[in-house]
Amino acid sequence: MSSNGAGERFAFAEASVDLATRVGWTSSVAAHDAFGFDVRTGKHVIRFRRSDYQWPKPPPSETADGAIRLRHPVEIALEAFETALGPTYGHATVLSPVGRYGSPLATGAIDSVVLEASLSGRWTLASASISHTRCWLTNVVAHCPGIGDGGALKRRIEHADRLTAPPGWMAIRDTASLSEYARDCGWDDALFPDIVVLSADLLDSPAGPVVGAWLAFTEGAVTFSVAEDIASRAAGNLDQAERFGRLRAAAYETLGARL
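Note that this is a predicted model, so its numbers are computed, not measured.

A. Seen up close, the packing of aromatic side chains. Tallied over the entire structure, the rule returns 5 aromatic pairs. Ring geometry for tryptophan 136 and phenylalanine 217: centres 6.3 Å apart, planes at 5 degrees, overall stacked. Of the two residues, tryptophan 136 is situated in strand 8 (residues 136-143) and phenylalanine 217 in strand 11 (residues 210-217); the sequence distance between them amounts to 81 residues. The exposure classification of tryptophan 136 matches that of phenylalanine 217, with both residues buried. Over the aromatic face of phenylalanine 244 sits the side chain of arginine 162, whose NZ or CZ is 4.0 Å from the ring centroid.

Shown next, in the form of structure tokens:
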């Protein structure tokens, strides 16, 4: 994760505790600095810290000092894809915005494309920083043995909690249009929290069903991730799906539409 300043990290902390508090899990930011922040909820103080480990190696749930590790936006997006479609392995090509939360570069010329080294793990990954993209974009090619046909793929996406797709008739295929659609739905800063499936196709392969998809997302997904960690402490009696459902409902209750 890039070393964005304490102010930006504090903004994410504030957004997360606001979301959790709207559900009824009253929280507050207890402290923050350039490395992370602390959240107080009830009798618990939850420590969140950024980590310099190289994703997508198997991710630690905690940092070296025992705090919850702030997750990378790409990690959150691929986890949503895995939960919905159950791939056994895959490759992701990431186009990252410059200067945003979790971006590898803080600044960059508008006409430059900066390539990052590929890493290996359960997923292989290659990334490029694109100065003029408005959000993160990830192209995924993954072996999904549980997807028998295109209809099954569509149904999996439609019923996934953490994936969403804009109406097909809008034919959104670029990040500028997606950002404007997010604003129309009520996200004034365009930092929508959903993992948006811009396209998804079932590809022929000797190895079996392979899904090729384009995912779009923002660092708003990190706000949801932190709010979920708060909820796990404040409402441990509820299962993860119930906590997520309440947070999602609270996020959208004041908006006129949903992505």
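B. Spatial organisation of the nonpolar core. Counting 68 residues, the largest nonpolar core has Phe48, Phe81 and Leu178 as the members making the most contacts within it. In terms of residue count, the dominant contributor to this core is helix 2 (residues 73-85) (8 residues).

C. Main features of the pattern of salt bridges. All chains considered together, the criterion is met by 9 salt bridges. A salt bridge links arginine 49 to aspartate 38, with the nearest nitrogen and oxygen atoms 3.2 Å apart. Taken together, the residues span a long stretch of sequence, with arginine 49 in strand 3 (residues 44-49) and aspartate 38 in strand 2 (residues 36-41) at a distance of 11 residues. Residue arginine 49 is classed as buried on the basis of its relative accessible area of 13%. Residue arginine 246 pairs with glutamate 242 through a salt bridge whose shortest N-O separation is 2.8 Å. Linking arginine 246 with glutamate 242, this pair stays in helix 6 (residues 240-252), spanning 4 residues, or about one helical turn. Judged by its relative accessible area of 37%, arginine 246 falls in the partly exposed class. Judged by its relative accessible area of 34%, glutamate 242 is partly exposed. Linked through salt bridges whose partners overlap, the residues forming this network are Arg69, Arg71, Glu75 and Glu79.

Conventions we followed
- Per chain, the residues get numbers from 1 upward, laid out in the order the sequence is written.
- It should be noted that, the model being predicted, local features are given only for residues of pLDDT at least 70 and side-chain atom pairs only at 80 or more, the latter also being counted only at that level, while totals for whole chains, interfaces and linings use all residues.
- Side-chain metrics rest on all non-hydrogen atoms present in the structure, leaving aside hydrogens and water.
- Put simply, two rings from Phe, Tyr or Trp (the six-membered ring, in Trp's case) pair if the centres are within 6.5 Å, and we call them stacked under 30 degrees between planes, edge-to-face over 60, tilted for the rest.
- Each helix is a run of DSSP H or I of at least 4 residues and each strand a run of E of at least 2, with the numbering of both proceeding from the N terminus.
- Three labels apply to residues, based on accessible area from a 1.4 Å probe with only protein chains included: buried if under 20% of the type maximum, exposed if over 50%, partly exposed otherwise in between.
- Whether a charge sits over a ring comes down to the Lys NZ or Arg CZ being within 6 Å of the ring centre and within 35 degrees of the ring normal.
- Residues belong to a common nonpolar core when they are buried Ala, Val, Leu, Ile, Met, Phe, Trp, Tyr or Cys residues joined through side-chain atoms within 4.5 Å.
- In the sections that follow, a salt bridge refers to a side-chain nitrogen of Lys or Arg positioned within 4 Å of a carboxyl oxygen of Asp or Glu.

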